[in-house]
Amino acid sequence: MKQDSAIRLILLGLAMSSVAALAVITLFIFREGLPIIFRQGPGSFLFGSDWDPGAEPAAFGIFAMIAGTFAVTGGALLLGVPVGLGSAIFLSEFAPRKVATILKPALELLAGIPSVVFGYIGMLVLSPFIRDHIGGSGASVLAGSAILGIMILPTIISISMDTLRSVPRSYREGSFALGATGWQTTWKVTLPAARSGLVAAVILGMGRAVGETMAVIMVTGNTALVPKSPLSPARTLTANIAMQLNAAVGEHREALFACGVVLFVIIMVLNTFANWVAKLGKRA
Amino acid sequence: MRIPPRAVHVGMLGILWSVTLAAIGTLIWIIGWVLWHGLPSATPHFLTSMPQDSGAEGGILSVIAGTLFIILGAVALATPLGVGTAIYLVEYTRENWVTRVIRYGADCLAGIPSIIFGLFGYVFFVITLGLRWSILSGSLTLALMSLPTIIRTAEVALRSVPQGYREVSYALGATRWQMVLRVVLPGALPGIVTGIVLALGRCMSETAAVIFTAGTVLPDRIPTSPGDSVRTLAVHFYLLATEGTSESQPKAFATAAILVLAILVINVSAYTLMHRFLARYR
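Rules used throughout
Residues numbered from 1 in each chain as written. Chains lettered and ligands numbered in written order. Predicted model: local features only at pLDDT ≥ 70, side-chain atom pairs only at ≥ 80, totals over all residues. Heavy atoms only, no water. Helix = DSSP H or I, 4+ residues; strand = E, 2+ residues; numbered from the N terminus. Contact = heavy atoms within 4.5 Å. Salt bridge = Lys/Arg side-chain N within 4 Å of Asp/Glu carboxyl O. Buried < 20%, exposed > 50% of the residue type's maximum accessible area, 1.4 Å probe, protein only. Phe/Tyr/Trp six-rings, centres within 6.5 Å; stacked < 30°, edge-to-face > 60°.

### Quick word on the side chain of Ser140(A)
Part 1 of the reasoning: One can find Ser140(A) in the loop between helix H6 (115-133) and helix H7 (141-151).
Part 2 of the reasoning: Discounting residues that sit within four places of it in the chain, Ser140(A) has contacts with Ile130(A), Val219(A), Thr220(A), Pro230(A), Leu231(A), Ser232(A) and Pro233(A).

### Side note on the pattern of salt bridges
Part 1 of the reasoning: This model, assessed by the stated rule, comprises 16 salt bridges over all chains.
Part 2 of the reasoning: One salt bridge in this structure joins Glu254(A) and Arg39(A), with 3.4 Å as the shortest N-O distance. Placement of Glu254(A) in helix H13 (residues 250-283) and of Arg39(A) in helix H2 (residues 17-40) is noted, with a sequence separation of 215 residues between them.
Part 3 of the reasoning: Each of Glu95(B), Arg103(B), Glu155(B) and Arg159(B) takes part in one network of salt bridges that share partners.

### Structural notes on the side chain of Thr149(B)
Residues and elements named next belong to chain B.
Part 1 of the reasoning: Here threonine 149 shows up in helix H6 (residues 135-159).
Part 2 of the reasoning: Judged by its relative accessible area of 18%, threonine 149 falls in the buried class.
Part 3 of the reasoning: When near neighbours in sequence (up to four residues on either side) are disregarded, threonine 149 contacts Gly195, Leu198, Ala199 and Arg202.

### Points about the packing of aromatic side chains
Part 1 of the reasoning: All chains considered together, the criterion is met by 16 aromatic pairs over all chains.
Part 2 of the reasoning: Both rings, one in Phe47(A) and one in Phe63(A), keep their centres 6.0 Å apart while their planes meet at 45°; by these two values the pair is tilted. Of this pair, Phe47(A) sits in helix H3 (residues 42-47) while Phe63(A) sits in helix H4 (residues 63-94), and the two are 16 residues apart along the sequence.
Part 3 of the reasoning: On the basis of relative accessible area, Phe47(A) is assigned to the exposed category, the value being 58%.
Part 4 of the reasoning: Judged by centre distance (4.9 Å) and plane angle (85°), the rings of Tyr120(A) and Phe237(B) are edge-to-face.

Dropping the structure here:
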């Protein structure tokens, strides 16, 4: 029995690795990024509209990047949510079993395609298309939203499908017994029963869009100005970090870590909210 | 006018069909587009020669080697941690506040964007620990990133081993550890391997987390030590695509095709493995 408790202790140590990793990551990002936020004042850092690390004195206001992040993410949700939920509903409620068992893993393959490949397609196909047929320079919020909209599909589809499948069969049978059609059953019974899980799926998809880096850098033009229309270029928080980290020293590097802090907080709030909504549904 | 419910049903079904087909069509188009443009330039010579002239000439042998070292290193580091975590959660404890903390940690880690891992790896491994831009820094960063994938799949795999197996093992007088080692782990092995393979795929497609930890130096030889700086396939492709000249675009396409092909093979084999494994206990 002595051996048993020793093994238990070792395994507990291993199991703490992810908690420890999370703690160290949080600690280092905040340690590098927080000082400049407080030195400059959170208000002027978050809502300052001027980002110019080369100027004398340097200006570090990230409002344009926050606006860029939310503009691109919002657009991605407009595209990704209807397509993602639609596919999930189709695959879990209406598709023949064989079709669903082939298509679900196929759609999850989308998640495996590297984001640089998505970015390349955006750069070579989507941006020129927007420039020639819609307007602007092509490198735009619209291009970023379209690419991210596709990239968040696997997240939304696979979580929504799991939620829809966990709705008890008897709910649907009850509805059919009352003479409802398949769609009436889905709309009035299955979807309301799965509501909280579906909301969680959308929020997690949003988290993916906010955190995506490489694909966005390649298609949005990266101008550090608040975007005025879907055809304007934009720079996201992630792009700001990735484009400048290699060349940054001193205050500039601190400011990039501060962007990391803001990004980290946004993601944690989204994930915690998604978790909370999902739990709410399980209790009801 | 009220539309008959039957008609609404048929109409909605049509919409859902077309939305799903659009999603699948996009997937097939993306993969097809990359392979169509890239495979013609991905000759055996391209795969087996060293890059020259910042990648505009020659091949990608040193890049392939660097990628393999980094992702194998990452998985080698993450597997004992991840599988150990899963064994603890499934075999050695009941649900309590400790397991909730562990799960919360893994869930949060899974949600953190790769650029944050890149920032962290850069300040912690590259600078604070002095590991510089190296295979080791890259592997350590990717190991943390793939931990949640390995934990989750290993947990599912362990839970799918029927309870009866454990009871029989106890009845024969085995200790808990003997039961885990000789009965549960062998039974769950294919599922655990699936998670490891999926993690390999994720690491391979990663760019933002490795570009700041393994570096961007294009080596002209196969790396020989974990301290060497390398460029992974994804990073090489990104740099060719964004900083290369128009002459280097065929090389960019060829690199992308190799990357996508490798990830397809990795993911399809992972799914096949998981499918067979789950069928075993059904």
